[in-house]
Amino acid sequence: MTRYKTFRAELRPTLRLALPLVLAEVGWMSMAIVDTMMVGRLPNSAVAIAAVSLGGILVNVLAMFGAGLLIGLDTLVSQAFGAGQREDCHRSLLHGIYLSLALAPLLMAPVWYFDPLLRAMHIAPDVIALAVPYSKALAWGTLPLLLYFAVRRCMQAMNLVRPIAFALITANLINAGGNLLLIYGKLGAPAMGTVGSGWSTAWARIYLAGVLVGYLLWYDRRYRTKLLHTPIQPDLRRIRRLIALGFPAAMQITLEIGVFALVTALIGRLGAVALASHQIALNTVSITYMVPLGISSAAAVRVGQAIGRKDLRGAGDAGGTAIFLGAAFMTAASIALLAFPRWIARAYTPDEAIIHSTIALLAAGAAFQLFDGIQTVATGALRGLGDTRTPMLCHFTAYWVIGLPLGAWLCFRRGWGAFGLWAGLSLALILIGIVLLLVWRHRVSQLMLPIPQK
């Protein structure tokens, strides 16, 4: 009964924080889904979807590494906010912006070398011809995307989450309108095809950064939080602390996105139909993943704030409640993927060959939904404690040492095709979910131990 009362007490504040963040994450993923659906209506549907899939995931691997380096703001800002140190929150935000400015050109430069990379990987020339210009257009949104992530992580750690959801929802409208104009050439705009989608998304990312920066300045002026009085001198110790927390998280995100990028490239060798079906299935499981990802951000904030208040039991309750919510949603998502696979595939394309291939991949996706939810939220809860290293090690071992080699063997040696690679990834996610849940339970038990007296 005590555990039930604790869950009920923690549920409301967790949901209040998580729901806007879930909307924000769904809005983030919706951009990629809208891009895929709209280019999927071009004459050569399979090639267009394949190009957007390949180009988008390669650019996002780089951008998400930068975003991962900023994840240390979750820990620094939430713990400072929990301790009532608002100026320290502002200092961390400022150094997150400095880090974004330094990273942006480094992360954009590799995009201009994608053409020889894709040719070396034996990707179909017609896919490369569309994927490369799409990637270059999308890359111009890198700096605003990093600024958005820096400001967002600071805001959510201080419980300012509704503007984040507003920014993502309205950015989707900007992106959809831009796609309509630039992909198909409506209202006198040039019909740019897939590359028009890349430019539209880049402009939407500029809008995202602008909305959050504008809101934060308005909030500072209204509530006199003294944001603009923050000393601007760089603090190397704070930057080192930010990187020390963020680098393992950046590696974990890069390992996760990177394995899907490599799988995308490997499936590209199987032809446009296989790659298009992979992209549809990947978009679908990515949209379900956005819900536990939003809950994960809430878990990091709630746990971090509890640690800042020195409420160790509250930190354990916050993380446990969030993990339960993530697991419950992903169980429902698994059922939906098994019940409506054809309906999902037809929302993207009328091509029957792509639909048939997609249905098998969605079944593999259904197998790992529960464990993906657990590992995602557990990662956020551990981040609130300041542990970003353990998830990195788990993702490296499960994805790159076990799942990917097994999937490649099933795909190319056993003749399972794209489904073989998805089966390997499913096993990896199941292992990560189990291990991170056990790690979280161990960390909580350590928190509850009495502090020895000197």
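Residues numbered from 1 in each chain as written. Predicted model: local features only at pLDDT ≥ 70, side-chain atom pairs only at ≥ 80, totals over all residues. Heavy atoms only, no water.

**Details of the confidence of the model for the protein chain**
If pLDDT is low for a region, its predicted coordinates should not be looked at in detail.
Part 1: In the predicted model, the protein chain carries a mean pLDDT of 87, and 98% of its residues have values of at least 70.
Part 2: Highest mean pLDDT in the protein chain belongs to helix 15 (residues 389–413) (94); lowest belongs to helix 1 (residues 2–39) (80). (pLDDT = per-residue confidence, 0-100. Helix = DSSP H or I, 4+ residues; strand = E, 2+ residues; numbered from the N terminus.)

**Structural notes on the nonpolar core**
Looking at soluble globular proteins, one finds that nonpolar side chains tend to be buried together.
Part 1: Of all hydrophobic cores here, the largest spans 142 residues; its most connected members are Y148 and W422.
Part 2: Beyond its immediate chain neighbours, meaning those up to four positions away, W422 contacts I267, H278, A281, L282, V285, L361, A364, G365 and F368. (Core = buried A, V, L, I, M, F, W, Y, C linked by side-chain atoms within 4.5 Å. Buried < 20%, exposed > 50% of the residue type's maximum accessible area, 1.4 Å probe, protein only. Contact = heavy atoms within 4.5 Å.)

**Topic: a positive patch on the surface**
Part 1: Residues R8, R12, R16 and R162 make up a contiguous surface patch of positive charge.
Part 2: The exposed category is assigned to R162, whose relative accessible area is 70%. (Patch = residues over 30% accessible without salt bridge, like charges linked within 9 Å, V, L, I, M, F, W, Y side chains within 5 Å. Areas by Shrake-Rupley, 256 points an atom, 1.4 Å probe, with all protein chains shown as cover. Salt bridge = Lys/Arg side-chain N within 4 Å of Asp/Glu carboxyl O. Lys, Arg positive; Asp, Glu negative; His and termini not counted. Charge placed at Lys NZ, Arg CZ, Asp CG, Glu CD.)

**Re the side chain of H278**
Part 1: For H278, the position within the fold is in helix 11 (residues 272–308).
Part 2: Setting aside residues no more than four positions away along its own chain, H278 makes contact with F260, V263, T264, I267, L361 and W422.

**Regarding the pattern of salt bridges**
Part 1: Considering all chains together, one arrives at ten salt bridges under this definition.
Part 2: In this structure, D74 engages R383 in a salt bridge whose closest nitrogen and oxygen atoms are separated by 2.9 Å. Placement of the pair is D74 in helix 3 (residues 72–82) and R383 in helix 14 (residues 352–385), with a sequence separation of 309 residues.
Part 3: In this structure R383 comes out as buried when scored by relative accessible area, which is 7%.
Part 4: A salt bridge links E87 to R91; the nearest nitrogen and oxygen atoms lie 3.2 Å apart. Of the two residues, E87 and R91 both sit in helix 4 (residues 86–108), four residues apart, roughly one turn of that helix.

**Regarding the packing of helix 11 against helix 16 (residues 418–447)**
Part 1: Where helix 11 meets helix 16, the closest approach of the two axes is 15 Å, and the angle between their N-to-C directions is 10 degrees. Viewed along their axes, helix 11 and helix 16 adopt a mutual orientation that is roughly parallel. Facing helix 11, whose interface residues are H278, A281, L282, V285, V303 and I307, helix 16 presents W422, W440 and L447.
Part 2: Taken together, the residues of the contact of helix 11 with helix 16 sort by class into eight nonpolar, one polar and no charged. (Axes fitted to C-alpha atoms, helices over the stretch in contact; angles between N-to-C directions. Parallel < 35°, antiparallel > 145°, perpendicular 65-115°, else oblique. Nonpolar A, V, L, I, M, F, W, Y, C, P; charged D, E, K, R; others polar.)

**What about the side chain of T390?**
Part 1: Examined against the element boundaries, T390 turns out to sit in helix 15.
Part 2: At a separation of 2.9 Å, a polar atom in the side chain of T390 contacts the side chain of D387.
Part 3: Apart from the residues within four sequence positions on either side, T390 is in contact with L436, V439 and R443. (Polar contact = N/O pair within 3.5 Å; in protein donor to acceptor, adjacent residues only side chain to side chain.)

**A closer look at the environment of R8**
Part 1: Among the secondary structure elements, R8 is positioned in helix 1.
Part 2: Taking C-alpha positions, R8 is 8.9 Å from T321, a pair spaced 313 residues apart along the chain.

**Quick word on the packing of aromatic side chains**
Part 1: Scanning the entire structure with this criterion turns up nine aromatic pairs.
Part 2: Ring plane angle 35 degrees and centroid distance 6.1 Å describe the contact between W416 and F419, whose orientation is recorded as tilted.
Part 3: A residue is classified by how much of its surface remains accessible, and W416, at 43% relative accessible area, is partly exposed.
Part 4: For F419, a relative accessible area of 32% puts it in the partly exposed group.
Part 5: Ring pairs connect the aromatic residues Y215, W218, Y219 and Y223, which therefore count as one cluster. (Phe/Tyr/Trp six-rings, centres within 6.5 Å; stacked < 30°, edge-to-face > 60°.)

**With respect to empty space enclosed by the protein**
Part 1: Enumeration over the complete set of coordinates arrives at three cavities of 30 Å³ or more.
Part 2: Of the pockets and cavities examined, the largest cavity occupies roughly 1,000 Å³.
Part 3: Lining the largest cavity are 47 residues, with W28, M64, I257, Y289 and M290 positioned closest to its centre.
Part 4: Among the elements that make up the lining of the largest cavity, the one with the highest residue count is helix 11 (ten residues).
Part 5: Class assignment for the residues of the lining of the largest cavity results in 24 nonpolar, 15 polar and eight charged. (1 Å grid on protein atoms, 1.4 Å probe; cavity = no way out; pocket = protein on both sides within 12 Å on 5 of 7 lines; lining within 4 Å. Points joined across faces, edges and corners; volume = space filled by probe spheres on them.)

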